[in-house]
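Here is how the chains run, residue by residue.
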Amino acid sequence: MNIDMDDNDEISLIGCGHWCRERFFTLEKLRRRFPVINWLRKYSLKDLKGDVIAGISVAFTIVPQGLALSLLAGLPAQYGLYTSFIGCFIYSLFGTCKDVAVGPTSILAILTAPYVAIGGPSYAIILSLLTGIIMLILGILNLGFVLDFVPYPVISSFSTAAAISIAISQLKGFFGVHYQSTHFITNLTGLFRHLHKINIYDTVLGCICLLFLLPLQHFKDAKLSNDTKIGFIINKLWKVIVIARNATIVLICALIAYRTDLFSVNQNIPSGLPPFAFPSFKIEHNGVVKKTTEIFSDFFPGVIIVAMVGLVETVAVSKGFTANKKYDATQDMIALGLCNIAGSCCSAFPAVGSFSRSAVNHSSGVRTPLGGFLTSILVVVSLLTLGPCFESIPTTTLSSIIIAAVMPMIKFDDIPIIFKANLIDTFSYFITFITCLTFSLEYGICLGIIFSLSILLYQMARPRITIVSRITNHGDSFIYVKPDRSILFPSVEYVKVKISKAISANDRRSNVTSIVIDGEHMFRADSTFAMVSMCV
């Protein structure tokens, strides 16, 4: 921007206004920040048909999953539905990927559980607010590149450890025992201490649920040839069964539990929408009033990890469905930030894009983000009308749904690939995995990232250098130095030592008069390198 402030102040202010308008308030910027404008003006009946089918399909999945994931987070069951409807609604207005279904996920739920344990549902709501603010700031400042510093071995290890932790945490609900725990080890020890209290009826029903869910999940993509009418009908019927498997098992088990008192069930699930209010920072939990400073100290720095994990999860899902299209990660960060900020005003806990529900959305033929809006309406209808019905759902059924959902996340088959590609990456994998299970998921992913970045910095500080002694046409001896990359401050001392050793070795044979540095592969340098070069 070139604005002359000396000639005419009025013209300068007008020029500044024009620059701001052209930079921030163009039609292109408006369409980018409000993607709904792009697809709504071209909307058709064909789009509506695809979106209605997809919206209903995702609703059949998100309602039972929402109930189950709220229990995983240590919250009453209705909080999962609060998170489900507001996430789908906001993302349909600001999101860029039509396939992404925003709502509660197993990883975010288990990351929320420790905060609920120390502060109750109010902490889950504040976590959603703070997570949303961090995501929104990252999006506005266009800092999506920070996600590139989370390597695949760390992501794979974290996902596997999280899936194991989630499955173990659901065993208490699966077996019908009750105890407080938030980590992998305490979940295991708690289960062994309460083995004598196992409810045999819950256990049998849970096993039946898994026997129903796991085969359907494993063979969800199986299909017959569509060449015959019977094959076409069977494929359509199979697709409906696979999509509605969670809702089907919940309905059947709720009817069974309604007629008997043999199973552990949810209690006191209110009907209706949550109150719309900004989260309060005046919290009383277990008779203790928490100060605002204490609340923030409880959340930081863990909330940053929650936000980063949520963004990594959503970006991975979005890129999976937009492989051949342009993907605006910055806008999706802004959309997720708004989803969680708005969700905190509706008693929701953190929400991000779910791979399983996004896959259902994609396979159901969703055409635009309006499918998420229709899903949101159906979740609201279920909140308004089905509250009393949810109280008859056995806890073991919801635990079975979560266990079945996280099984595909356990990918030990990545280890041989990582080992063959780079042995050091294997250390990153196991450091993350062991720390996640031993301490917590937040510590695990942090330590994995720190270790990986340390290796990256070490490799940057140790460039490969070709150093040879040469003689000019006039008989003068000089040292020829050719690094294979740019020399920045972490590697300057290493290069200096290498050159000094070469000078010492050559001084015994000939008098070195100069040093020549070939910068063919040096695309940048810094002041540290410049100063050291002058002193060598």
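These lines cover the structure that appears in this document, whether it is placed above or below. (Residues numbered from 1 in each chain as written. Predicted model: local features only at pLDDT ≥ 70, side-chain atom pairs only at ≥ 80, totals over all residues. Heavy atoms only, no water.)

Points about the overall build of the protein
No. 1: A count of helical and extended segments in the protein gives 25 helices and 7 strands.
No. 2: C-alpha atoms of the protein, sized along the principal axes, occupy 100 × 70 × 65 Å.
No. 3: Burial status across the protein gives 49% buried among its 536 residues.
No. 4: Restricting to contacts in the protein with at least 6 residues of sequence separation, those with at least 24 account for 79%.
No. 5: In the form shown here, the protein has an accessible surface area of approximately 27,600 Å², with 65% of it arising from carbon and sulfur atoms.
No. 6: Separation between the mean location of the 42 positive side-chain charges and that of the 33 negative ones in the protein comes to 8 Å. (Helix = DSSP H or I, 4+ residues; strand = E, 2+ residues; numbered from the N terminus. Buried < 20%, exposed > 50% of the residue type's maximum accessible area, 1.4 Å probe, protein only. Contact = heavy atoms within 4.5 Å. Areas by Shrake-Rupley, 256 points an atom, 1.4 Å probe, with all protein chains shown as cover. Lys, Arg positive; Asp, Glu negative; His and termini not counted. Charge placed at Lys NZ, Arg CZ, Asp CG, Glu CD.)

Some remarks on the side chain of Gln65
No. 1: Along the chain, Gln65 falls in helix 4 (residues 45-72).
No. 2: A polar contact is formed between the side chain of Gln65 and the side chain of Arg357, at a distance of 2.7 Å. (Polar contact = N/O pair within 3.5 Å; in protein donor to acceptor, adjacent residues only side chain to side chain.)

Focus: the nonpolar core
No. 1: Membership of the largest hydrophobic core comes to 110 residues, with the highest contact counts inside it found for Phe158, Phe299 and Val309.
No. 2: The dominant element in this core, judged by the number of residues it contributes, is helix 15 (residues 302-321), at 11 residues.
No. 3: Apart from residues lying up to four places away in sequence, Phe158 is in contact with Ile107, Leu111, Val309, Thr432, Cys436, Leu441 and Ile445.
No. 4: In this structure, Val492, Val495, Ile499 and Met522 belong to the second largest nonpolar core, which totals 9 residues. (Core = buried A, V, L, I, M, F, W, Y, C linked by side-chain atoms within 4.5 Å.)

Concerning empty space enclosed by the protein
No. 1: Under the criterion given, the structure shown has 2 cavities of 30 Å³ or more.
No. 2: Looking at the largest cavity, it is lined by 14 residues, and the ones nearest its centre are Ile110, Thr182, His183, Ser440 and Leu441.
No. 3: Looking at the lining of the largest cavity, the elements that each hand over two or more residues are helix 6 (106-119), helix 10 (184-193), helix 22 (423-438) and helix 23 (441-460).
No. 4: A total of 3 residues in the lining of the largest cavity trace back to one element, the largest contributor, which is helix 6.
No. 5: Classifying every residue of the lining of the largest cavity gives 8 nonpolar, 5 polar and 1 charged. (1 Å grid on protein atoms, 1.4 Å probe; cavity = no way out; pocket = protein on both sides within 12 Å on 5 of 7 lines; lining within 4 Å. Points joined across faces, edges and corners; volume = space filled by probe spheres on them. Nonpolar A, V, L, I, M, F, W, Y, C, P; charged D, E, K, R; others polar.)

Here's the deal with unusual backbone geometry
No. 1: Residue Pro301 is reached from Phe300 by a cis peptide bond, and omega for that bond is 5°.
No. 2: Despite not being glycine, Asn142 shows a phi value in the positive range, around 55°.
No. 3: With phi around 60°, Ser347 is a residue other than glycine that occupies positive phi space.
No. 4: Along the polypeptide, Ser347 turns up in the loop between helix 16 (329-344) and strand 4 (352-354).

Quick notes on the state of the cysteines
No. 1: Taken as a whole and judged by the stated rule, the model has 0 disulfides.
No. 2: No disulfide involves Cys209; its nearest neighbouring cysteine sulfur is the one of Cys253, lying 3.6 Å away.
No. 3: Residue Cys209 is classed as buried on the basis of its relative accessible area, which comes to 0%.
No. 4: Overall, the relative accessible area of 2% leaves Cys253 in the buried class. (Disulfide = S-S within 2.5 Å.)

Considerations on the side chain of Ser440
No. 1: Structurally, the position occupied by Ser440 is in the loop between helix 22 and helix 23.
No. 2: We classify Ser440 as buried; its relative accessible area is 8%.
No. 3: Residues in contact with Ser440, not counting those within four places in the same chain, are His183 and Thr435.

Describing the environment of Ile118
No. 1: You can see Ile118 is positioned in helix 6.
No. 2: Ile118 sits in the partly exposed class, given a relative accessible area of 38%.
No. 3: Residues Ile118 and Ala277, spaced 159 residues apart in sequence, show a C-alpha to C-alpha distance of 22 Å.
No. 4: The contacts of Ile118, once residues within four sequence positions are left out, are Tyr123, His285, Lys290 and Asp298.

Thoughts on the pattern of salt bridges
No. 1: Applying the stated criterion to the full structure yields 6 salt bridges.
No. 2: The partner of Asp99 in a salt bridge is Lys98, with the nearest N and O atoms 3.2 Å apart.
No. 3: With its nearest N and O atoms 3.8 Å apart, the salt bridge here joins Asp298 to Lys290.
No. 4: Taking relative accessible area as the criterion, Asp298 reaches 26% and is therefore assigned partly exposed.
No. 5: Several salt bridges converge on common partners, so that one network encompasses Lys290, Glu294 and Asp298. (Salt bridge = Lys/Arg side-chain N within 4 Å of Asp/Glu carboxyl O.)

Side note on the environment of Gly372
No. 1: For Gly372, the position within the fold is in helix 18 (residues 370-385).
No. 2: In this structure Gly372 comes out as buried when scored by relative accessible area, which is 16%.
No. 3: For the pair Gly372 and Ala59, spaced 313 residues apart in the sequence, the C-alpha separation amounts to 9.1 Å.
No. 4: What Gly372 contacts, discounting residues up to four positions off in sequence, is Cys88 and Ser92.

Some points on the packing of helix 4 against helix 20 (residues 395-406)
No. 1: Between helix 4 and helix 20, the least distance of the axes is 9 Å, while the angle of their chain directions is 95°. Relative to helix 20, helix 4 is oriented roughly perpendicular. On helix 20, the residues that touch Pro64, Gln65, Leu67, Ala68, Leu69, Leu71 and Leu72 of helix 4 are Thr395, Leu398, Ile401, Ile402 and Ala405.
No. 2: Tallied by class, the residues present in the contact of helix 4 with helix 20 amount to 10 nonpolar, 2 polar and no charged. (Axes fitted to C-alpha atoms, helices over the stretch in contact; angles between N-to-C directions. Parallel < 35°, antiparallel > 145°, perpendicular 65-115°, else oblique.)

Quick word on the packing of aromatic side chains
No. 1: Tallying each qualifying case throughout the model produces 12 aromatic pairs.
No. 2: Arranged with centres 5.2 Å apart and planes meeting at 85°, the rings of Phe174 and Phe175 form a pair that is edge-to-face.
No. 3: A relative accessible area of 5% places Phe174 in the buried class.
No. 4: With a centroid separation of 5.9 Å and an interplanar angle of 70°, the aromatic rings of Phe412 and Phe433 are classed as edge-to-face. Taken together, the positions of Phe412 in the loop between helix 20 and helix 21 (414-421) and Phe433 in helix 22 put the pair 21 residues apart, joining distant regions of the chain.
No. 5: Using a relative accessible area of 39% as the deciding quantity, one classes Phe412 as partly exposed.
No. 6: Judged by relative accessible area, Phe433 falls into the buried class, the value being 14%.
No. 7: Every member of this aromatic cluster is reached through a ring pair, and the members are Phe412, Tyr429, Phe430 and Phe433. (Phe/Tyr/Trp six-rings, centres within 6.5 Å; stacked < 30°, edge-to-face > 60°.)

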